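Coordinate analysis (summary)
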Amino acid sequence: MTSSARPLLNRRLAEFGTTIFAEMSALALQTGSINLGQGFPDTDGPEEIREAAVRALRDGRGNQYPPGPGVPELRTAISAHQERRYGLSYDPDTEVLVTAGATEAIAAALLALVEPGDEVVALEPYYDSYAACIAMAGGTRVPVTLRPYEGSFRLDLDELRAAVTDRTRLLLINTPHNPTGTVLTREELTAIAELAVERDLLVVTDEVYEHLVFDEAEHVPLATLPGMRERTVSIGSAGKTFSFTGWKVGWVTAAPGLVNAVRSAKQYLTYVASGPFQYAVAEALALPDSYFTAFRDDMLAKRDLLATGLTEAGFAVFRPAGTYFITTDIRPLGEKDGFAFCRALPERAGVVAIPNAVFYDHREAGAPFVRFAFCKKTGVLEEAVRRLKTLA
């Protein structure tokens, strides 16, 4: 026992307990339920990429500390990927930084760029690590809420402009957006860019679902827009695109000054990580376009399977334009509390989901929404749909 009356946990983190993902995954195990809560695939990615990691291990590449910025092969591959896909040119030596997944990239960027008292404007609902990282940096988060409109969640640009004050340091943007599946349009991103330039703001943009964009939606990297190349920290990840989430390989691309700042924080977090996997991801990024197309088409079919099943089960469904998550409204089922619904769902239907309210500061705005992941085997989704239809 400690004799101090002060709580053990740093007060900046007092509001952050065990994540909802841990709670719901444990519930899935306890009840034998299908876990459509946490966003990890239930199959591995391409066999040739897994073999590339094995080859690196056997050849002794990455078994000791890799270079702080990341192995040169991966930094070169990230640079080539950005150039090939988006026409963005980054110097592998000064404008690319490899991180322990996108989560560390977000943490390092916010710890590097935000000081106590700075305001960070973030789109709400937001991935849970955003709030914790802003808090650890001593910043103040200012949520701008995406609201349901005609079957999707939309950004109110006037609300975004009104949220920016003289204390705003940074905009934290996520597109394709987790958990809502919204993909910000070129027009919306242009307005965000103009606001950032006008108010001289930095922007951190989380684009980890860049290769999962469906239908008529288009992924537009913010750094491609006028005035944004020098003020944007873009974050990518191998986990979501290649279905190796356990490898924890992410990256930052930005102007040299921004990369140096982020690296200064990152080197005191993990220092380095994922050595052999970095070589494998370098090969993955060079896969032909047919891989990325097939990956997207597979997820699109799974989206439609689950979306149709959820609709037939009685949910109101927001069909996502990107990511591998579907947000639903439970009010048509006579429910209004997403937390209570998700905690009861394993016993009622043998399926686990996530209450979106955990991603909101304005909990009431997210109360009736529940998120399901569809990055699972087709047979698993079919069985989940069969179980969920018992709710109807």
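Residues numbered from 1 in each chain as written. Predicted model: local features only at pLDDT ≥ 70, side-chain atom pairs only at ≥ 80, totals over all residues. Heavy atoms only, no water.

Attention now moves to the overall build of the chain. In terms of helices and strands, the chain carries 14 helices and 15 strands. A globule of 392 residues ought to have a C-alpha radius of gyration of about 21 Å, and the chain, at 21 Å, matches this closely. Each of the three principal axes of the chain carries a C-alpha extent, and together these read 55 × 55 × 50 Å. Across the 392 residues of the chain, 56% fall into the buried class. For the chain, contacts bridging at least 24 residues in sequence account for 75% of all contacts bridging at least 6. Put simply, the chain shows about 16200 Å² of open surface, and 51% of that area lies on carbon and sulfur atoms. In the chain, which carries 39 positive and 50 negative side-chain charges, the distance between the mean positions of the two groups comes to 5 Å. (Helix = DSSP H or I, 4+ residues; strand = E, 2+ residues; numbered from the N terminus. Rg over C-alpha atoms; globule rule 2.2 N^0.38 Å. Buried < 20%, exposed > 50% of the residue type's maximum accessible area, 1.4 Å probe, protein only. Contact = heavy atoms within 4.5 Å. Areas by Shrake-Rupley, 256 points an atom, 1.4 Å probe, with all protein chains shown as cover. Lys, Arg positive; Asp, Glu negative; His and termini not counted. Charge placed at Lys NZ, Arg CZ, Asp CG, Glu CD.)

As a further point, take a nonpolar patch on the surface. Residues Leu 111, Met 136 and Leu 269 make up a contiguous nonpolar surface patch of about 230 Å² in total accessible area. Examined against the element boundaries, Leu 111 turns out to sit in helix H4 (residues 101–113). (Patch = residues over 30% accessible without salt bridge, like charges linked within 9 Å, V, L, I, M, F, W, Y side chains within 5 Å. Salt bridge = Lys/Arg side-chain N within 4 Å of Asp/Glu carboxyl O.)

Turning next to the sheet that holds strand S12 (residues 325–329). In a beta sheet, neighbouring strands pair by backbone hydrogen bonds and run either parallel or antiparallel. Taken together, the four strands give an open sheet; going across it, the order is S11-S12-S15-S14, and neighbouring strands pair in antiparallel fashion. Across the chains shown, the open sheet's two edge strands, defined by having one partner strand only, are strand S11 (316–318) and strand S14 (354–355). As defined by bridge partners, S14 adjoins strand S15 (residues 369–373) across two bridges and the pair is classed as antiparallel. Paired with Ile 354 across the bridge in S15 is Arg 371. (Pairing = 2+ DSSP bridges.)

Now for the environment of Gly 239. Inspection of the secondary structure puts Gly 239 in helix H8 (residues 238–242). Residue classification places Gly 239 among the buried residues on the basis of a relative accessible area of 7%. In this structure, the C-alpha to C-alpha distance between Gly 239 and Val 208, residues 31 residues apart in sequence, is 8.4 Å. Those residues within four positions of Gly 239 in sequence are excluded, and the remaining contacts are Phe 244, Thr 245 and Val 249.

Among the nonpolar cores identified, the biggest contains 103 residues, and Phe 372 and Leu 388 are the most heavily contacted of them. Sequence-distant contacts of Phe 372, defined by excluding residues within four places in its chain, comprise Leu 36, Leu 306, Leu 310, Phe 315, Tyr 324, Phe 325, Ile 326, Thr 328, Leu 345, Val 351, Ala 353 and Leu 388. If you look at the next biggest cluster of nonpolar residues, it comprises 27 residues, including Ile 173, Leu 195, Leu 225 and Phe 318. (Core = buried A, V, L, I, M, F, W, Y, C linked by side-chain atoms within 4.5 Å.)

On to the UniProt feature "domain: Aminotransferase class I/classII large" (unreviewed entry) in the chain, then. What UniProt calls "domain: Aminotransferase class I/classII large" (unreviewed entry) maps, in this numbering, to residues 34–388. The span residues 34–388 carries 42% helix and 18% strand; its end-to-end C-alpha distance comes to 11 Å. (UniProt positions renumbered as here; feature names shortened; annotations may be inferred.)

This part covers the packing of aromatic side chains. Summed over the entire model, instances satisfying the criterion amount to 18 aromatic pairs. Ring geometry for Tyr 65 versus Tyr 271: centroids 5.3 Å apart, planes at 75 degrees, classification edge-to-face. A residue pair is termed long-range when its members are at least 10 positions apart, and Tyr 65 in the loop between helix H2 (47–59) and helix H3 (72–86) and Tyr 271 in the loop between helix H9 (256–266) and helix H10 (275–285) qualify at 206 residues. A residue is classified by how much of its surface remains accessible, and Tyr 271, at 42% relative accessible area, is partly exposed. Judged by centre distance (4.6 Å) and plane angle (10 degrees), the rings of Trp 247 and Phe 277 are stacked. One end of the pair, Trp 247, is in the loop between H8 and strand S10 (250–253); the other, Phe 277, is in helix H10, with 30 residues separating them in the sequence. Its relative accessible area of 11% is what places Trp 247 among the buried residues. The exposure class assigned to Phe 277 is partly exposed, which follows from its relative accessible area of 26%. Across the ring face of Tyr 279, the terminal group of Arg 61 is positioned such that the distance to the ring centre comes to 4.9 Å. Seen from the ring of Phe 325, Arg 371 lies directly overhead, with NZ or CZ sitting 3.6 Å from the centre. (Phe/Tyr/Trp six-rings, centres within 6.5 Å; stacked < 30°, edge-to-face > 60°. Lys NZ or Arg CZ within 6 Å of the ring centre and 35° of its normal.)

Here the focus is the pairing of strand S7 (residues 168–174). The buried count for S7 comes to six of seven residues, which makes it a mostly enclosed element. Both strand S3 (residues 119–124) and S7 contribute to a ladder of four bridges, which runs parallel. Looking across to S7, one finds that Val 120 is bridged to Leu 170. The pairing of S7 with strand S8 (residues 202–206) spans five bridges and is parallel. Bridge assignment links Ile 173 to a residue of S8, and that residue is Thr 205. This β-α-β element, S7 to helix H7 (residues 186–198) to S8, shows right-handed connectivity. (Right-handed = clockwise from strand over helix to strand, strands pointing away.)

Under the criterion given, the structure shown has 29 salt bridges. In this structure, Arg 154 engages Glu 188 in a salt bridge whose closest nitrogen and oxygen atoms are separated by 2.8 Å. Of this pair, Arg 154 sits in strand S6 (residues 152–154) while Glu 188 sits in helix H7, and the two are 34 residues apart along the sequence. When its relative accessible area of 9% is taken as the criterion, Glu 188 is described as buried. Across the pair Asp 304 and Arg 303 runs a salt bridge, and its minimum N-O distance is 2.9 Å. Its relative accessible area of 27% is what places Asp 304 among the partly exposed residues. Connected through shared salt-bridge partners, Asp 215, Arg 303, Asp 304 and Arg 319 make up one network.

Topologically, Ser 33 is positioned in the loop between helix H1 (20–31) and strand S1 (34–35). Ser 33 gets classed as buried once you look at its relative accessible area, which sits at 11%. Separated by 2.7 Å, the side chains of Ser 33 and Thr 31 make a polar contact. Contacts of Ser 33, omitting those with residues within four sequence positions, involve Ala 28, Pro 346, Gly 350, Val 351, Val 352 and Arg 387. (Polar contact = N/O pair within 3.5 Å; in protein donor to acceptor, adjacent residues only side chain to side chain.)

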